[in-house]
Amino acid sequence: MLSYLAKRLAGFVPLLLGISFVSFLVMAMAPGTPVDLMTDLNPKASPEARERLEKYYGLDQPLYVQYGLWLGRIVRGDLGTSFSRDRRPVLDKIAEALPITLFLNVLDLTLILGLAIPIGIYSASHQYSFADRATTVFVFVGFAMPSFWVALLAMMLLGEQLGWLPISGLRSLDYDSMSLLGQAWDRVRHLILPVGIAALTGLAGLSRYMRSSMLEVLRQDYIQTARAKGLSERAVVYRHALRNALLPVVTILGLSIPGLIGGSVIAETIFAIPGMGRLFYTSVLMRDYPVVMGITLIGAVLTLFGNLLADLMYVAVDPRLRKR
Amino acid sequence: MRSGSGLAAVALALATCAAASSLVLLNGCGDAGRGRQAEPAQRAASESSPKAHEAEATPAYGDAIVFGTIGDGSTLIPMLASDSSSHEYAGYLFDGLLEYDKTLSHLEPRLAQSWEVSPDGLKITFHLRRDVHWTDGQPFTARDVQFAFDTIRDPKTMTAYAEDYKQVQSFELLGDHDFSVTYEKPFAPALASWNSLMVLPRHLLEGKDINETDFSQHPVGLGSHVFESWERNTRFTLRANPDYYRGRAHVEQVVYRVIPDESTQFLELKSGGLDMMGLTPLQFRRQTSSAAFDRDFRKYRYVSNSYTYMGYNLDNPLFQDVRVRRAFTYAINKQEIVDVVLFGLGQATEGPYRPGTAWLNKNLKPYGFDPAKARALLAEAGWRDSDGDGILDKDGKPFSFKILTNQGNDQRLKTATVIQKRLRDIGIDVAVRVVEWSAFINDFIDKRRFDVIVLGWSLSLDPDQYDIWHSSKTGYKQFNFVGFKNAEVDELLEKGRRTFDEAERRRIYDRLQEILVDEQPYTFLYVPDSLPIVASRFHGIEEAPAGISWNFPQWYVPKASQKYSITP
């Protein structure tokens, strides 16, 4: 087991090197540099000013030198400083956005799991019933509607017309003057729309997955046996079938770990949430190389660990895999 | 927000708004204004009648105003900023020495109470106010100006705005509140450049690395407002400066909320989460006319400070014949474009000066929409439909080319599409291509790989347009990218910058416009209107050619209608 772990971890090093190098290359090949965006079509910016800026950012060096310098810093645990004029450490910027995105995503995921698994189980155990069909239609409608559109409609109805919920942001303007309870309630109110919409549009995948995996299990011989033993349908479904049906869902959970730090650009833009999606998107647009590379690297590391974790969880829930 | 003040208005003047920040670009910066920057006005008639609204209210202090911004700023040191939000934020904290008045025709005192230009135009002497203090209590002196001047010229300072100040030969300190600058050659835009140089507190910044200092995040200023707090990508807050030398601002708090999506901004406005924003023509015409809107908001409409044009690559043999360029201008119905693209909220234009300002030559003869004349001119230039396929040709080659414009600006794309149809009507085969901004600039504009472009310029308050039309400015990354070369224009541009006399300058730039209209290196298309909307509890708003924001410190909310309990 330990040697397996060590082997997997050792394999990460060349993988990460490759990922970071390709990302670096792709970014450098994209037209426009951070300096261009500061000086393009600005008649007051002279060629000398451009050159100075390029030198300041180290963009006058050959690409392999730039990559080498970046790698050197990473090895020492330094993600560098943003190219944006605030010149703040990349780590600070990520540290601001990450908790917000992480919190929202964990909330989304919890809500989705909390709804999708029961829906899946119920649909499977009552296959072709009216409730099965109804939930199927519901989750597919949620899945098929573009989330930004649903979000705007919900904002119009609940935010503007009825005035029940705030439209965007994470806190009200007068947050600081609220009581502790008021502050908590204010935060909850701000979360309802973004989390609710994400859950609604994300429900379909997982609940259908759960349903089909459950159906699969319910067709197995040992379920037949359990029923033949005279167990109640309840015991059959929840004690015998569910554990096995959850296996594929665990894989999905593992794979969704890296997704937890990647915010949705669209949702964050519409709800004016300063999360990772927007940070990454604006950094790409501004050609803020250090921030882009920082986020890419963290994303890559998390993806690799997420995969590893999924594999380990497999072993944990499936005794058959432990023997090998 | 602030009228013509600051680098935002002048240093970025002439730059396309897209260049100011790619965030702005993404959201289609052709929708000029958006309530983000001061916009000049001509058409003083606002839609609802503010006069009646002003009648009974008494000025009061207190309350807050909430603005929406598409992107957050990055630094509060104006000379380092390269995005429009940063310039806008910093505009509250710092002042220039002088500023254009609300009619945009004269410079009036700010930190300098008076100034003299020597008769030969080489030396400008400034006399500063003696009653100005930084908000930490230190007096403001000529050394602070000198410090800002030295800093912006320092090669180690990562600024894109040093050019105007490099023309200065010497800076001479004459006392605590007096100094003079000497130029090598007379330089008419010089005076206005002292509007854009925002002073910096020497006592806090001397000996520090300006590029890395924390001052850019926690500044001390002397402007109408004081920095209060800054939550990244969420909120930027300012308080009125109680000791502002031009009188304390009435609205106590200014809040910028970062809301990147324009639909969200509009919903926030409707539900009271924002107090002001710039409307799109569609919103102005169709979505803000209900009784509720009339009660809660007032809309304003005035000429913006940018124009959209169609530029020809003059190195391309297709467009070297002036008859072809004139034919195109005749074939395009500019009013139709204004009606379709801007819902009529703009005006057709003939030249590169802001309608309604003194610099616009009022005797320019519009081409008008005349497809018959366009066909005749093309025939004269040798273009005929000899193979009967509906497309004009010459020497066996059909007249066919591409119009290029940048992605993210819906108005430009629509404009190009209308033009495509009108040119097809006279037998020209046109394709429209949209390219992402960076690629558009680097791969097409800089390398001159385009036939025709649809693009825009912001207009500066000084009439000097040397960088755009002079034949020496056709190099890599320079701004005469259409390759316009005209000896008389060169001479006029050189003379215009060396002359301080206004009447003489007017003659020079009048002639420049005549030549441009005659030569048509661009087909000048339209100037859109700025369309801000403001919550009706704000009083004291006065529309002027400079827009509505020029007297922002005088805006107020009567005690009874104050919404936020923020008092001085």
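A quick note: this is a predicted structure, and the numbers were derived from the prediction, not measured. (Residues numbered from 1 in each chain as written. Chains lettered and ligands numbered in written order. Predicted model: local features only at pLDDT ≥ 70, side-chain atom pairs only at ≥ 80, totals over all residues.)

(A) How the structure looks around the overall build of chain A. Helix and strand counts for chain A stand at 15 helices and 0 strands. Since a compact globule built from 324 residues should have a radius of gyration of about 20 Å, the 25 Å found for chain A marks it as more spread out than a globular shape. When its C-alpha atoms are laid out on the principal axes, chain A stretches across 85 × 60 × 35 Å. Here chain A, with 324 residues, has 33% of them falling under the buried criterion. A fraction of 69% describes how many contacts in chain A between residues 6 or more apart in sequence connect residues 24 or more apart. (Helix = DSSP H or I, 4+ residues; strand = E, 2+ residues; numbered from the N terminus. Rg over C-alpha atoms; globule rule 2.2 N^0.38 Å. Buried ≥ 20, exposed ≤ 12 C-beta atoms within 10 Å, placed from the backbone. Contact = placed C-beta atoms within 7 Å.)

(B) Summary view of the overall build of chain B. When its secondary structure is counted, chain B shows 20 helices and 22 strands. For 568 residues, the compact-globule estimate of 2.2 N^0.38 gives 24 Å, and chain B sits close to it at 24 Å. Counting only C-alpha atoms and orienting by the principal axes, one finds that chain B spans roughly 80 × 60 × 40 Å. In chain B, which comprises 568 residues, the share counted as buried stands at 54%. Put simply, 74% of the contacts in chain B that link residues at least 6 apart link residues at least 24 apart.

(C) Region of interest: helix H5 (residues 84-93) of chain B. Summarising burial for H5 of chain B: 10 of the 10 residues are buried, a large majority. Considered for burial, the residues of H5 of chain B that qualify are Ser84, Ser85, Ser86, His87, Glu88, Tyr89, Ala90, Gly91, Tyr92 and Leu93 of chain B.

(D) Representation of the packing of helix H9 (residues 221-228) of chain A against helix H10 (residues 233-255) of chain A in the model. Residue and element names in this part refer to chain A. Interhelical geometry of H9 versus H10 gives an angle of 145° and a closest axis separation of 10 Å. Considering the relative orientation of H9 and H10, their crossing is right-handed. Residues Tyr222, Ile223, Ala226 and Arg227 of H9 lie in contact with H10, whose contacting residues are Val236, His240 and Ala241. Residue classes in the contact of H9 with H10 are distributed as 5 nonpolar, 1 polar and 1 charged. (Axes fitted to C-alpha atoms, helices over the stretch in contact; angles between N-to-C directions. Left-handed = near helix turned anticlockwise from the far one by under 90°. Nonpolar A, V, L, I, M, F, W, Y, C, P; charged D, E, K, R; others polar.)

(E) View of the nonpolar core. Core analysis: the largest hydrophobic core is formed by 205 residues, its most contacted members being Leu203 of chain A together with Val251, Ala327, Ala331, Leu378 and Tyr526 of chain B. Setting aside chain neighbours within four positions, we find valine 251 of chain B in contact with Asp63, Ala64, Ile65, Trp555, Tyr556 and Val557 of chain B. (Core = buried A, V, L, I, M, F, W, Y, C linked by C-beta atoms within 7 Å.)

(F) Inspection of the sheet that holds strand S5 (residues 123-128) of chain B at higher detail. Residues and elements named next belong to chain B. Spatial ordering of the open sheet is given by S4-S5-S7-S6, a layout of 4 strands whose pairing is antiparallel. Each end of this open sheet is capped by a strand with a single partner; those strands are strand S4 (112-117) and strand S6 (168-173). On average, adjacent strands in this sheet sit at an angle of 15° to one another, irrespective of strand direction. (Pairing = 2+ DSSP bridges.)

(G) Main features of the environment of aspartate 209 of chain B. Tracing the chain through its elements places aspartate 209 of chain B in the loop between helix H9 (202-205) and strand S8 (225-231). It is 8.7 Å that separates the C-alpha atoms of aspartate 209 of chain B and lysine 156 of chain B, two residues lying 53 residues apart in sequence.

(H) Main features of the interface of chain B and chain A. Every contact between the two is made by 51 residues of chain B and, on the other side, 41 residues of chain A. Counted by class, the side of chain B that touches chain A contains 22 nonpolar, 18 polar and 11 charged residues.

(I) View of unusual backbone geometry. Residue and element names in this part refer to chain A. With phi around 50°, arginine 87 is a residue other than glycine that occupies positive phi space. Relative to the elements of secondary structure, arginine 87 occurs in the loop between helix H4 (63-75) and helix H5 (90-125). Among the residues examined, arginine 87 registers 19 C-beta atoms within 10 Å and is labelled partly exposed. Even without glycine at this site, tyrosine 128 takes up a positive phi of about 70°. Relative to the assigned elements, tyrosine 128 resides in the loop between H5 and helix H6 (130-144). By the C-beta count within 10 Å, which is 9 here, tyrosine 128 ends up exposed.

(J) Local environment of the packing of H5 of chain A against helix H14 (residues 289-317) of chain A. All names here are of chain A. Contact pair H5 / H14: the axes reach a minimum separation of 9 Å and the direction vectors enclose 60°. In terms of orientation, H5 and H14 fall into the oblique class. Taken as a pair, H5 and H14 cross one another with a handedness that is right-handed. Mapping the contact onto sequence places Val90, Lys93 and Ile94 in H5 and Pro290, Val291, Gly294, Ile295 and Ile298 in H14. Class assignment of the residues belonging to the contact of H5 with H14 gives a composition of 6 nonpolar, 1 polar and 1 charged. (Parallel < 35°, antiparallel > 145°, perpendicular 65-115°, else oblique.)

(K) Spotlight on the environment of leucine 157 of chain A. All names here are of chain A. Its place among the elements puts leucine 157 in helix H7 (residues 147-161). Taking the number of C-beta atoms within 10 Å as the measure of exposure, leucine 157 has 12 and is therefore exposed. Separated by 58 residues in the primary sequence, leucine 157 and leucine 215 place their C-alpha atoms 38 Å from one another.

(L) Highlighting the pairing of S5 of chain B. All names here are of chain B. Of the two faces of S5, the one lined by Ile124, Phe126 and Leu128 is fully buried and the one lined by Lys123, Thr125 and His127 carries no buried residue. When S4 meets S5, the two strands line up antiparallel, connected through 5 bridges. Paired with valine 117 across the two strands is isoleucine 124, which belongs to S5. The loop that links S4 with its antiparallel partner S5 comprises 5 residues; one of these, glycine 121, has a positive phi angle of about 75°. Note: S5 against strand S7 (residues 178-183), 5 bridges, orientation antiparallel. Across the sheet, the residue bridging to isoleucine 124 is valine 181, located in S7.

(M) Focus on the confidence of the model for chain B. All names here are of chain B. Considering every residue of chain B, the mean pLDDT works out to 86; 90% of them sit at 70 or more. Within the model, the stretch residues 1-52 combines pLDDT values under 50 with 192 contacts to residues more than four positions away or in other chains. Interface predicted TM-score (ipTM) for the complex: 0.83; the corresponding pTM is 0.84. (pLDDT = per-residue confidence, 0-100.)

(N) Spatial organisation of the environment of valine 141 of chain A. All names here are of chain A. Tracing the sequence through the fold places valine 141 in helix H6. A residue is classified by how many C-beta atoms lie within 10 Å of it, and valine 141, with 13 of them, is partly exposed. Considering only alpha carbons, one finds valine 141 and alanine 204, 63 residues apart in sequence, at a separation of 8.6 Å.

(O) Looking closely at H4 of chain A. When the terminal C-alpha atoms of H4 of chain A are compared, their 18 Å separation across 13 residues agrees well with the 18 Å that a helix rising 1.5 Å per residue should span. Glycine 77 of chain A, located one to two residues past H4 of chain A, shows a positive phi value of around 80°. (Expected span 1.5 Å × (residues − 1).)

(P) Molecular detail of the pairing of S6 of chain B. Bridging between S6 of chain B and S7 of chain B involves 5 bridges; their strand directions are antiparallel. Paired with phenylalanine 171 of chain B across the strands is valine 181 of chain B, a residue of S7 of chain B.

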